[in-house]
Amino acid sequence: MKKICFVLTVEFAVKVFLLNHLRALTKIYDVTVIVNTNNPNFLIEHGINAKVIALDITRKIGFFSDLVALVKLMKIFSQQRFSAVHSITPKAGLLAMLAACLIRVPLRIHTFTGQIWVTKSGFKRLILKQLDCFIASLTTHNIIDSPSQRDFLVNEKVVSANKSIVFAKGSISGVDINRFKPDPIAKSRIRQELNITEDAILFLFLGRLTVDKGLLDLAKAFGELNFANAHLLFVGPDEQALQAEIMHLAGESGMNIQFIGHTNTPEMFMAAADVLCLPSYREGFGSVVIEAAAVGIPTVASGIYGLSDAVVDGDTGLLHEPRAVNEIEYCMKSMLSNRALRLKLGKQAQERAVKDFDSKLITQAWLNFYHENIHLNG
């Protein structure tokens, strides 16, 4: 049985991106997951028969800790003799692809999910971009999670076109349409808990609360709406302590803003919402968009690479220029004042999510990729 190893920095990423793929791959291959975790049994708890190796791979750069992790990876790869090593997230990619290349693992794959350096400038941008270039140079295959991101990376000369592919129409994991679907009962319950009436229009942001997600722009735009029946809900960890600034920027409209921390049931909040908002400055694809689409709600998002694949402007949502507060306000007002438009976009978004982004389609693309390549290279 061929052996595959996945390397990631955090357990959360495994749960978000890989569970369905791992469940299918373990039926055919001997699978190992190397990740920074305190619970090596977490995959068993999800009914997945894969070995987990806990390894301290930090997201931030640290010369000594990264060197230790690199040596440990080389030792594991040498002992296990994997046919393929597949990394996801930048730090995991840097260390795993370097170790796999030095040990001469035949199939070396990295998945690009978005570029930190896009929003940086000067020397920091140059260094971070060169690290991505270095990762790509060590791989045999690069998996990109959206067509527009692939075009961007090829144009920026980060990856070569001949060894970079997108699975299906995009996304790493697709959307579980049995989990993400309209749920009137959840809608009523969540709105009751939040004291939001059934006829109110609820805008939702779901993800990490960071400046790069455009949340300060969203707060300003919401503050300009002047719709008493409009509400804005933020769901996700406040990683940069933005809550106070968001409330300040929203002004009097802040009384209709609420914050929920991390959730394990994002589908419940999507079911309660009318519109998803993602005014991000950088995204590899925007999985939350197609999850919301599967629930039947449209998205207002910035028209950047990645999101332009997840949202079809005027068909499944509305796109605006990044950082353009006036355009965000206009899109939100359009959703507020035109119920027919909002429902039409939501219906079309749901149809597209089911047709093009069902997680089963993406998992099958992963299986096809390994079937076609592991026997040739492994």
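Since the model is a prediction, treat every value here as computed from it, not as a measurement.

The rules we used
- Residues numbered from 1 in each chain as written.
- Predicted model: local features only at pLDDT ≥ 70, side-chain atom pairs only at ≥ 80, totals over all residues.
- Heavy atoms only, no water.
- Pairing = 2+ DSSP bridges.
- Helix = DSSP H or I, 4+ residues; strand = E, 2+ residues; numbered from the N terminus.
- Contact = heavy atoms within 4.5 Å.
- Axes fitted to C-alpha atoms, helices over the stretch in contact; angles between N-to-C directions.
- Phe/Tyr/Trp six-rings, centres within 6.5 Å; stacked < 30°, edge-to-face > 60°.
- Buried < 20%, exposed > 50% of the residue type's maximum accessible area, 1.4 Å probe, protein only.
- Lys NZ or Arg CZ within 6 Å of the ring centre and 35° of its normal.
- Salt bridge = Lys/Arg side-chain N within 4 Å of Asp/Glu carboxyl O.
- Parallel < 35°, antiparallel > 145°, perpendicular 65-115°, else oblique.
- Nonpolar A, V, L, I, M, F, W, Y, C, P; charged D, E, K, R; others polar.

Q: For this particular structure, what's the right way to read the sheet that holds strand β4 (residues 84-88)?
A: Paired through backbone hydrogen bonds, the strands of a sheet run either parallel or antiparallel to each other. Taken together, seven strands build an open sheet; the order of strands is β3-β2-β1-β4-β5-β6-β7 and the sheet is parallel. Among the strands making up the open sheet, the edge pair consists of β3 (51-54) and β7 (164-165). Bridging between strand β1 (residues 3-7) and β4 involves four bridges; their strand directions are parallel. When the sheet's bridge partners are listed, Ile-4 is paired in β4 with Ala-84. Lying over the sheet, helix α3 (residues 63-80) contacts β1, β2 (30-35), β3 and β4, oriented at roughly 165 degrees with respect to β1. The sheet strands contacting helix α6 (residues 147-155) are β5 (107-112), β6 (141-144) and β7, and the helix crosses β6 at an angle near 130 degrees.

Q: Hey, could you run me through the packing of aromatic side chains in this one?
A: Ring pairs (aromatic) are described by centroid distance and by the angle formed between their planes. With the rule as written, the count across this model stands at twelve aromatic pairs. Judged by centre distance (6.1 Å) and plane angle (50 degrees), the ring pair of Phe-205 and Phe-234 falls under tilted. On the criterion of sequence distance, the pair formed by Phe-205 in strand β8 (residues 201-206) and Phe-234 in strand β9 (residues 230-235) is long-range, its members being 29 residues apart. Assessed through its relative accessible area of 0%, Phe-205 is described here as buried. Positioned over the ring face of Tyr-281 is Arg-323, at 3.8 Å from the centre of the ring.

Q: Got a minute to help me understand the side chain of Ser-253 in this structure?
A: Structurally, Ser-253 can be placed in the loop between α9 (243-250) and β10 (257-260). When sequence neighbours within four positions are dropped, the list of residues in contact with Ser-253 reads Phe-222 and Gly-223.

Q: Would you take a moment to explain the pattern of salt bridges for this structure?
A: A pair can form between side chains of opposite charge whenever their charged atoms are brought close. On inspection of all chains with the given rule, the structure shows 13 salt bridges. Two residues, Arg-189 and Glu-193, come together in a salt bridge whose shortest N-O distance is 3.2 Å. Of this pair, Arg-189 and Glu-193 are both found in helix α7 (residues 184-194), four residues apart, which corresponds to roughly one turn of the helix. A relative accessible area of 38% places Arg-189 in the partly exposed class. A residue is classified by how much of its surface remains accessible, and Glu-193, at 55% relative accessible area, is exposed. A cluster of three or more residues bridged by salt bridges with shared partners is formed by Lys-169, Lys-355 and Asp-356.

Q: How do you make sense of helix α8 (residues 215-223) when you look at a structure like this?
A: Along an α-helix, residues three or four positions apart point the same way, because every turn accommodates 3.6 residues. Counting buried positions along α8 gives eight out of nine residues, so the element sits mostly inside the fold. Inspection of α8 places Leu-215, Leu-216, Asp-217, Leu-218, Ala-219, Ala-221, Phe-222 and Gly-223 among the buried residues, and these make up the whole buried set.

Q: Please explain the packing of helix α13 (residues 325-337) against helix α14 (residues 339-356) as it appears in this structure.
A: Think of two packed helices as two axes; the pair is described by the angle between the axes and how far apart they sit. Where α13 meets α14, the axes come as close as 5 Å, and the angle between the chain directions of the two elements is 100 degrees. Between α13 and α14, the crossing angle belongs to the class labelled roughly perpendicular. On α14, the residues that touch Ser-334, Met-335, Leu-336 and Ser-337 of α13 are Arg-339, Leu-341, Arg-342 and Leu-345. Residue classes in the contact of α13 with α14 are distributed as four nonpolar, two polar and two charged.

Q: Before we go on, may I ask you to explain the sheet that holds strand β11 (residues 275-278) in this structure?
A: Spatial strand order, β10-β9-β8-β11-β12-β13: six strands in an open sheet with parallel pairing. Taken across any chain shown, the strands that pair with only one partner, and hence form the sheet edges, are β10 and β13 (317-320). Each neighbouring strand pair of the sheet contributes to a mean axis angle of 20 degrees, computed without reference to strand direction.

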